[in-house]
Structure formats: structure tokens, C-alpha cells
Amino acid sequence: RAVPGAGVPAPGAGVPAPPGGRGARAAPSRVAAAAAARTGEAGAAGAAERSMAGTGGGAKAAGGARGAVLTRRGITLRVLLRDGLLEPGRGGKKFVGDLGSDGTITWQETGQVFNSPSAWATHCKRLVNPAKKSGCGWASVRYKGQKLDQYKAAWLRKHQPNVPPPPEEPGRGDRTLSSADGGAAGKRLEIKPRVPVRYCTLGTRDSARNPQTLVEVTSFAAINKFQPFNVAISSNVLLLLDFHSHLTRSEVVGYLGGRWDTNTQLLTVLRAFPCRTRLGDAEAAGAVEEEICQSLFLRGLSLVGWYHSHPFGPALPSLHDIDAQMDYQLKLQGSGNGFQPCLGLICGPFYPGNPGVESKIAPFWVMPPPEQRPNDYGIPMDVEVTYIQDGFLTNDVVQEMTLLVEFYRGAPDLVKFQELWSQDQTYLDKLKGSLASRTPKDQSFTHVLEQIFSLLKLSG
Ligand SMILES: [Zn+2]
């Protein structure tokens, strides 16, 4: 009956020994797994499980949860509620188990014993929704009101302070630090080079796999299929998101606004909405989102996708990106109103493998795994798009660019635009070169851009 995340007691003082840790074991006590009960809202409830981490639940938590915008990559419950894609309500189911001194969990309802939170969570989730895939098991089980993965993170901070954090990427909200065997203590974060793998080498979902693993995209032609929708993107959209992606060494994220025409099956992307937030800044995330919702509404646009950057890596989706994209597709598709696509864009501004100065901006979409292999990852598909060169630079875009420069001014991860990017080009040259192909036809805007560039030179 309880909504996931609601009504759970506040975490007690002091962090108990982490489940599965090598040291002192937690005394036998209660753990609770939350799962979506109404299959129609499985996606939404799934998101609630994740984004309500460590909060008391309720409407405020949905929008203001820790890094709501960044960790969930743009499209959050608040946005979906506003756009009428979701309705607030109760409808989760809660399972209660006893944590044994040996680290096992005994499910109270049946007495079944599970060796790990993931095994138990997966079992419970499948009872509620047989189509539910495994994943984020630790994040769906709470101990004294707090998610287990947070205990795990706390343990790592305490015992392995010298382990560098993994490369920053928004969306590590469901950080899966170890495989589902509960032996968290022995395993840990690993920094893996981001070498892309081919989809066909992935096989079944494996929680031990680094969610940051990059995956090559597949073309529809290669699998003898037609792209299920057409896409047109305005050059101003690319200009703004490319600009945003260049500003910082950290990943950035934003929304895409536009229109979906069911008759022509054409998705038109007309506007980028950069999130001016820092990773983990919950307060700001909520406010920024609010502003973007308002912006979309005032312009009569719909939410049609999201973008994010891989500052120094290839513009290919990670396993995490694939799952996030799949989630968003399901959410935007809604229920009953027919198909509405959701486009993902990845911008790789400083990847050394790009030819020339132009950032690679890769549109992608995810195809569900084959029916007979439901436990595989979704298939990241290359999306063909038509670029529409805008006639002029809108005030909107100029204003967004100025606000972005202000936002990142003086930040430690601000790109130092006067420094050399290559032998004979500064980062500023690189930025200008990348934007050149995305500027509007009307050259009278060149001076406006130059003004913004001169601000950048000063803000380092
Ligand atoms: Zn990514």
C-alpha cells in the first residue's frame, strides 16, 4: 500500500555497518523493498524509487530530490507530472524482510531466504511486474528508511578514502558498485577506460558490468528496419547545446523542446534548454526545472528529448545512457495517446578522436531487446536527422548563452579558453570552429557571438 519512499522512518543516528561488509554485521533488523504495483505506472514508480533517495517522499521530494535534474538526466517526475504524463497517487507495494546476521534477507511473507538485496528486489519486482528487468537492486531496498546503496557509498568513503571517484557523469544516481552477490566490501569502484564495445558482445544484462561502458550504435539499415520516425533539428538547437558542452570539463545536461506531428511522423526539435545546475545541487535543480517547464509551456512546445555531454569521450551512449533513454522513451510515450518518440543527443566536444574542430553531436534512440531475450540491454540505434539551418539567432539563444557564461564563470571546471587545445589553436578557437557550421544564415549576428566569446576570455 505504501508509496515507495513515503512513510519510512528517518535514518537513525549513526550509520550502521554496511550490509555485506567485512566488519561488524548489522544486527538482524528490518529492510524494505519497494516495487511498483500498478504495472501501468511501473516506469514512474521505478523513477520514484530512485529519485526519492534519502528524502521523506511526497511532492517536494519528487522535484527536489538529490540532483533530480542531473542524476535522472533531464526528464524528472516533476516534468512528467506537469505535462500530464503521470498522475500523482499512491500505488506502490512494499515488502518487508528480516536482515540476518549472516547478511541474508528473509522475506517475511514467505520465509524465503535471499543472499543479496538485488536478488530479493528483483524477485519482488517481478512479482509485481513480470516484465521488470533486474537492476538497481541495492537502490530499491531501504534499511531504516535509507537506501542500501547509500550505506555502501558511505562505507566506501570511510574505508577507501584514497580511491578516486569514478569519472563524473550525471546519472550515476543508481550507482551499481558491485555485482549482485552482496560482497560489496571486497569490490569497488574501478576507473575503466571508455573503450566502446559492440552491442552484440554485451549479451545478457550483468550488474557487474560498468554502467559507464560505451556502446557502438547500430544503424536501422544494418538490421533491415526503417527508422520509426523522422527527425528535423534546428541549427540553433545544436549551436546552443554545443556551446553549453564546451564550457566545462564536467558533463552537462539539458532538455529538448519541439513538436511531434503524428500525421507526418516528424519530430521537430526547435529549442535546447540547458540545465544551469551543478551535479548534486538539489535546490537549484528543482528551480531550474521549474523554469524550463515554464519556458516550454510559454512557447507552446513539448518535451521531445534530452541532451548531455561526454566532454572528453566519444559521443556514444553508455549502458547507463541506454537505460535512461529507454526509461524516457517509455515515459514520453505515455499511455493511450499513441507513440511519441523521445530523442537523445550526446555531444562530445573535446574527444581527441573527432576529426577537426567540430564537436560530434550524435542523435540516438533505443530499441527494446528482442522479445526472446528480455534480459538483454536495449539496442542503441543511430538516428538519421535532417538539419535545418535557422535564418537568425533568436534572442532566446543569445540570452541562454549569456546566462551560461555567467553560470560557469570562475568555476573550477570551467574550460580555460585561452589555453591551447591543439598545437596552434586555443580552446576558444576550437569552440568558434565548432559553432561555425551551426550559426544562422544571417551573418549580422556574428558580432553578437563575438561579444559572448569575449566574455568567455574574461571568465577564466
Ligand atoms: Zn553519457
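Check the entry above for the structure.
Residues numbered from 1 in each chain as written. Predicted model: local features only at pLDDT ≥ 70, side-chain atom pairs only at ≥ 80, totals over all residues.

Next up on the list: the overall build of the protein. Secondary structure assignment for the protein yields 12 helices and 14 strands. Put simply, the protein has 460 residues, and 44% of those count as buried. Counting only contacts in the protein whose residues sit at least 6 apart along the sequence, the fraction spanning at least 24 positions is 72%. (Helix = DSSP H or I, 4+ residues; strand = E, 2+ residues; numbered from the N terminus. Buried ≥ 20, exposed ≤ 12 C-beta atoms within 10 Å, placed from the backbone. Contact = placed C-beta atoms within 7 Å.)

Right, let's get into the packing of helix 7 (residues 235-247) against helix 11 (residues 427-436). Between helix 7 and helix 11, the least distance of the axes is 10 Å, while the angle of their chain directions is 165°. In this view, helix 7 runs roughly antiparallel relative to helix 11, as classed from their interaxial angle. Here helix 7 runs over helix 11; the crossing is right-handed. Note on element contacts: helix 11 touches helix 7 through Leu431, Ser434 and Leu435, opposite Leu239, Asp242, Phe243 and His246. (Axes fitted to C-alpha atoms, helices over the stretch in contact; angles between N-to-C directions. Parallel < 35°, antiparallel > 145°, perpendicular 65-115°, else oblique. Left-handed = near helix turned anticlockwise from the far one by under 90°.)

A regular strand carries its side chains on alternate faces of the sheet. In terms of residue burial, strand 11 (residues 343-348) counts as a mostly covered element, since 6 of its 6 residues are buried. Side-chain alternation along strand 11 places Leu343, Leu345 and Cys347 on one buried face and Gly344, Ile346 and Gly348 on a second face that is also buried. In the sheet, strand 11 pairs with strand 12 (residues 360-367) via 5 bridges, with the strands oriented antiparallel. The residue bridging Ile346 from the neighbouring strand is Ala362, located in strand 12. (Pairing = 2+ DSSP bridges.)

Let's shift gears to the nonpolar core. Core analysis: the largest hydrophobic core is formed by 68 residues, its most contacted members being Val237, Leu240, Leu241, Leu256, Val269, Leu343 and Leu345. Of the residues forming this core, the biggest block, 7 residues, is contributed by helix 7. Among all residues touching Val269, those that are not within four sequence positions of it are Val231, Ile233, Ser234, Val237, Leu256, Gly258, Val304, Gly305 and Leu343. Listed in part, the 8 residues of the second largest apolar core include Phe114, Ala121, Val141 and Leu148. (Core = buried A, V, L, I, M, F, W, Y, C linked by C-beta atoms within 7 Å.)

Next up on the list: the sheet that holds strand 9 (residues 266-274). With mixed pairing, 8 strands are arranged side by side in an open sheet as 13-12-11-10-8-9-7-14. A single partner strand is all that each edge strand has here, and the edge strands are strand 13 (379-382) and strand 14 (386-388). For this sheet, the mean inter-axis angle between neighbouring strands, taken without regard to orientation, is 35°. Pairing of strand 7 (residues 230-234) with strand 14, which is carried by 3 bridges, proceeds in the parallel orientation. If you follow Ile233 over to strand 14, its bridge partner there is Tyr387. Strand contacts of helix 7: strand 7, strand 8 (253-261), strand 9, strand 10 (302-309), strand 11, strand 12 and strand 14, with the helix running at about 35° to strand 9, the strand carrying the most contacts.

Now for the pairing of strand 12. Counting buried positions along strand 12 yields 6 of 8 residues, so the element is predominantly enclosed. When strand 12 meets strand 13, the two strands line up antiparallel, connected through 4 bridges. What sits directly across from Trp365, in strand 13, is Met381.

What follows deals with helix 10 (residues 395-408). Spanning 14 residues, helix 10 covers 20 Å between terminal C-alpha atoms, matching the ideal 20 Å at 1.5 Å per step. Listed as buried for helix 10 are Val397, Glu400, Met401, Leu404, Phe407 and Tyr408. In a view along the axis of helix 10, the buried residues occupy a sector of 125°, so they form one face of it. Facing away from the buried side of helix 10, by more than 90 degrees, are the exposed residues Asn395, Gln399, Leu403 and Glu406. Looking at the packing, one finds that the buried side of helix 10 touches helix 7, strand 9 and helix 12 (446-459). Looking one or two residues past helix 10, Gly410 carries a phi angle of roughly 75°, positive in sign. (Expected span 1.5 Å × (residues − 1). Arc of directions from axis to C-beta.)

All right, on to helix 9 (residues 319-333) then. The end-to-end C-alpha distance of helix 9 is 21 Å, a good match for the 21 Å that 15 residues give at a rise of 1.5 Å each. When you tally the buried positions in helix 9, you get 13 out of 15 residues, the bulk of the element. Residue Gly334 follows helix 9 closely and has a positive phi angle near 65°.

Our focus in this paragraph is the environment of Phe364. With respect to the helices and strands, the residue Phe364 is situated in strand 12. You can call Phe364 buried: it has 22 C-beta atoms within 10 Å. With 18 residues separating them in the primary sequence, Phe364 and Ile346 have C-alpha atoms 7.9 Å apart. Phe364 has contacts with Val217, Pro317, Gln325, Gly344, Ile346, Pro380, Met381, Asp382 and Val383, leaving out every residue within four places of it along the chain.

Moving on, we come to the environment of Phe243. Topologically, Phe243 is positioned in helix 7. A count of 26 C-beta atoms within 10 Å places Phe243 in the buried class. Taking the C-alpha atoms as reference points, Phe243 and Pro349, 106 residues apart in sequence, are found 9.1 Å from one another. Excluding residues within four positions of it along the chain, Phe243 makes contact with Met401, Leu404 and Leu435.

Apart from glycine, the bulk of residues carry a negative phi angle, and the bulk of peptide bonds sit in the trans form. The phi dihedral of Asn224 falls on the positive side, at around 55°, and the residue is not glycine. One can find Asn224 in the loop between helix 6 (148-159) and strand 7. A tally of 6 C-beta atoms within 10 Å means that Asn224 is categorised as exposed. The phi angle at Gln265 is positive, at roughly 55°, despite the residue not being glycine. Structurally, Gln265 can be placed in the loop between strand 8 and strand 9. Owing to 14 C-beta atoms within 10 Å, Gln265 belongs among the partly exposed residues under this scheme.

As a packed pair, helix 7 and helix 10 sit with axes 10 Å apart at the nearest point and diverge in direction by 5°. Looking at the two axes, helix 7 sits roughly parallel to helix 10. Taking contact as the criterion, the partners of Asn236, Leu239, Leu240, Phe243, His244 and Leu247 in helix 7 are, on helix 10, Val397, Glu400, Met401, Leu404 and Tyr408.

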